[in-house]
Amino acid sequence: MNKFYTLLLLSGAALSMNAQQVKGSESADVKDAVYQIPNSDFENWASDKALTDGWHSFESATGMFASLAFLSPTPAMIEDGFEGKAIRLVSKDLGLAIANGNLTTGTINMGSTTPTDKSNYNYTNLKKSDGNLPFAGIPDAFEVYARFKPGTARDLTDEEKANGTEIKLQGRVQLIIHNEGAYQDPELEKQASMKIASANVLITEATDWTKFTGEFNYVGEPSAKQYMLASATTNPIPGASKDDQLDLDNVKLIYWHALSELTFDGKAVEGFNADKTEYTVKGNLADDSNKIAYKVKGKGANASTSVDPENNVLKITVEGNDISVNADSKTVYTIHFDNTSTGIGSISANETKNHKVYTLGGVRVNGKPAAGLYIVDGKKLIVK
């Protein structure tokens, strides 16, 4: 290592330790928990290298080598996003080491000049209000639009060659929901119980804007007080490659609000599809509505039913977990009950006393009906 870097690292360590002492005495302001990541469309910038809110990079780093943050690759604003502006991350060969492009809703800790050292990580910093993201939602998936231009992989070490290690040129976006605490990514073994859910996408080479979608895997139960730690990097392996270019836009959390199953009298409703909202079943609403059963698609979704006797209709309304902030996060399924039969039989008026008889207008008939056409036990019959 040359003298310039040696002096720089030593001075950086001292400055960083002092900064850590100051930061450690701070207490975070209370922020409202959110259902979407603020500035997830990357439209709001203080300058062409600094977002105004939601996301952070090396400029706010902590750790022993935080004073070297100015050497690290800085995220940049680009004008040709999928919609409007977007963000670009790049990896950079610093001579001392290769630094990945890094973006997070938390804080970057720079603890070592060796990229793979465990003291380098992103974490939920509860001591600074802009170093953490209180999160209210129970999302099912997320999507992001991305482009990726791969650079050059570093040479493998002898140990990596012996182990069959392979460096793949790809970016990654990872979202982790966890309980209150200074959770970090990569996760420490002792923090495993803090994780509630995680989702990620690996972004392969793409010249044009491409949508990538990842589903959340829940390993714990949602909490009343939880946080999201989102991270984006030019490669999942620290220091794996230089000159990578990862463009990101429109990170969106998805809350499902649909049915995954719909049955009538124990059998699947014909033609059921989660995106189809109108169905017809044979039966009478008053007698057969309890034969309708369903399953909801969505970890935090809720469903309710309502009936319309006049039109012989049952409705199932499924609301996504984010309904309180998104009125469109719901789907209404309508089930029509068809109480007609394919053929018209007959029954005598004297025989109707032990049956449910309705006029064609749906009015219940009590007593002996006059001759005519009626709905008897859900079937259209002629009463003589």
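Definitions and limits used
Residues numbered from 1 in each chain as written. Predicted model: local features only at pLDDT ≥ 70, side-chain atom pairs only at ≥ 80, totals over all residues. Heavy atoms only, no water. Helix = DSSP H or I, 4+ residues; strand = E, 2+ residues; numbered from the N terminus. Rg over C-alpha atoms; globule rule 2.2 N^0.38 Å. Buried < 20%, exposed > 50% of the residue type's maximum accessible area, 1.4 Å probe, protein only. Polar contact = N/O pair within 3.5 Å; in protein donor to acceptor, adjacent residues only side chain to side chain. Contact = heavy atoms within 4.5 Å. Pairing = 2+ DSSP bridges. Salt bridge = Lys/Arg side-chain N within 4 Å of Asp/Glu carboxyl O. Core = buried A, V, L, I, M, F, W, Y, C linked by side-chain atoms within 4.5 Å. Patch = residues over 30% accessible without salt bridge, like charges linked within 9 Å, V, L, I, M, F, W, Y side chains within 5 Å. Areas by Shrake-Rupley, 256 points an atom, 1.4 Å probe, with all protein chains shown as cover.

### Topic: the overall build of the protein
- The helix and strand inventory of the protein stands at 3 helices and 31 strands.
- For the protein, whose C-alpha radius of gyration is 30 Å, the value lies well above the compact-globule estimate of 21 Å for 384 residues.
- Considering only C-alpha atoms, the protein reaches an extent of 110 × 45 × 40 Å along its principal axes.
- Among the 384 residues that make up the protein, the fraction classed as buried is 44%.

### Notes on the side chain of N39
- By the element assignment, N39 lies in the loop between α1 (3-24) and β1 (45-47).
- Of note is the side chain of N39, whose polar atom sits 3.0 Å from the backbone oxygen of N44.
- Looking at N39, its side chain comes within polar contact range of the main-chain oxygen of D53, at 3.3 Å.
- Among residues more than four places away in sequence, those in contact with N39 are N44, L51, T52, D53 and W55.

### Description of the pairing of strand β30 (residues 372-376)
- In this structure, strand β29 (residues 357-358) lies alongside β30, joined through 2 bridges in antiparallel fashion. When the bridges of β30 are listed, V357 appears paired with V376.
- Pairing between β30 and strand β31 (residues 379-383): 5 bridges, direction antiparallel. In the strand pairing of β31, L373 is matched with I382.
- Taking the residues that link successive antiparallel strands as the turn, the β30-β31 hairpin has 2 residues, and the phi of D377 there is positive, at about 50 degrees.

### So, the sheet that holds strand β9 (residues 121-123)
- A sheet is described by the order of its strands in space; here 3 strands give the open sequence β8-β9-β14, paired in antiparallel fashion. Each edge of the open sheet is held by one strand with a lone partner, namely β8 (107-109) and β14 (184-185).
- Examined bridge by bridge, β8 and β9 share 3 bridges and lie antiparallel to one another. Residue pairing for β9: T107 is matched across the bridge by Y123.

### Considerations on unusual backbone geometry
- P186 follows D185 through a cis peptide bond whose omega is 5 degrees.
- Position of P186 among the secondary structure elements: in the loop between β14 and β15 (195-203).
- One non-glycine residue, F42, adopts positive backbone phi at about 55 degrees.
- Counting through the fold element by element, F42 comes out in the loop between α1 and β1.
- Residue F42 is classed as buried on the basis of its relative accessible area of 1%.

### Structural notes on the pattern of salt bridges
- According to the stated counting rule, one finds 12 salt bridges in the structure shown.
- Between K291 and D288 there is a salt bridge, with its nearest N and O atoms 3.1 Å apart.
- Given a relative accessible area of 32%, K291 falls into the partly exposed group.
- Under the relative-accessibility criterion, D288 is labelled buried at 13%.
- Overlapping salt bridges bring together D80, R88, R147 and D247 as one network.

### Side note on the nonpolar core
- Within the largest apolar cluster, 35 residues are counted, with the highest numbers of intra-cluster contacts made by F142, F216, M228 and L248.
- Broken down by secondary-structure element, the contributors of at least two residues to this core are β4 (86-90), β11 (141-149), β13 (171-179), β15, β18 (226-233) and β20 (245-254).
- Among the elements that line this core, the one with the most residues is β15, at 5 residues.
- Aside from chain neighbours lying at most four places away, what touches M228 is I37, T105, L133, F135, L175, I176, I177, F216 and L253.
- Ranked by size, the runner-up nonpolar core spans 16 residues in total, among them A258, F264, A301 and I316.

### A few points about a nonpolar patch on the surface
- The grouping of L360, L373 and I382 at the surface amounts to a nonpolar patch, some 250 Å² of accessible area in total.
- Locating L360 in the fold gives a position in the loop between β29 and β30.

### Comments concerning the pairing of β18
- When you tally the buried positions in β18, you get 8 out of 8 residues, the bulk of the element.
- Along β18, one buried face is formed by Q226, M228, A230 and A232 and the opposite face, lined by Y227, L229, S231 and T233, is buried too.
- With 3 bridges joining them, strand β7 (residues 102-104) and β18 adopt antiparallel strand pairing. Within β18, the position partnered with N102 by the bridge is T233.
- Two strands pair when backbone bridges link them, and strand β10 (residues 134-135) and β18 are joined in this way by 2 bridges, in the antiparallel orientation.

### Considerations on the environment of T105
- Checked against the element boundaries, T105 lands in the loop between β7 and β8.
- Within polar-contact distance, the side chain of T105 engages the backbone oxygen of M228 at 3.3 Å.
- A polar contact of 2.9 Å, which involves the side chain of T105, links it to the backbone nitrogen of A230.

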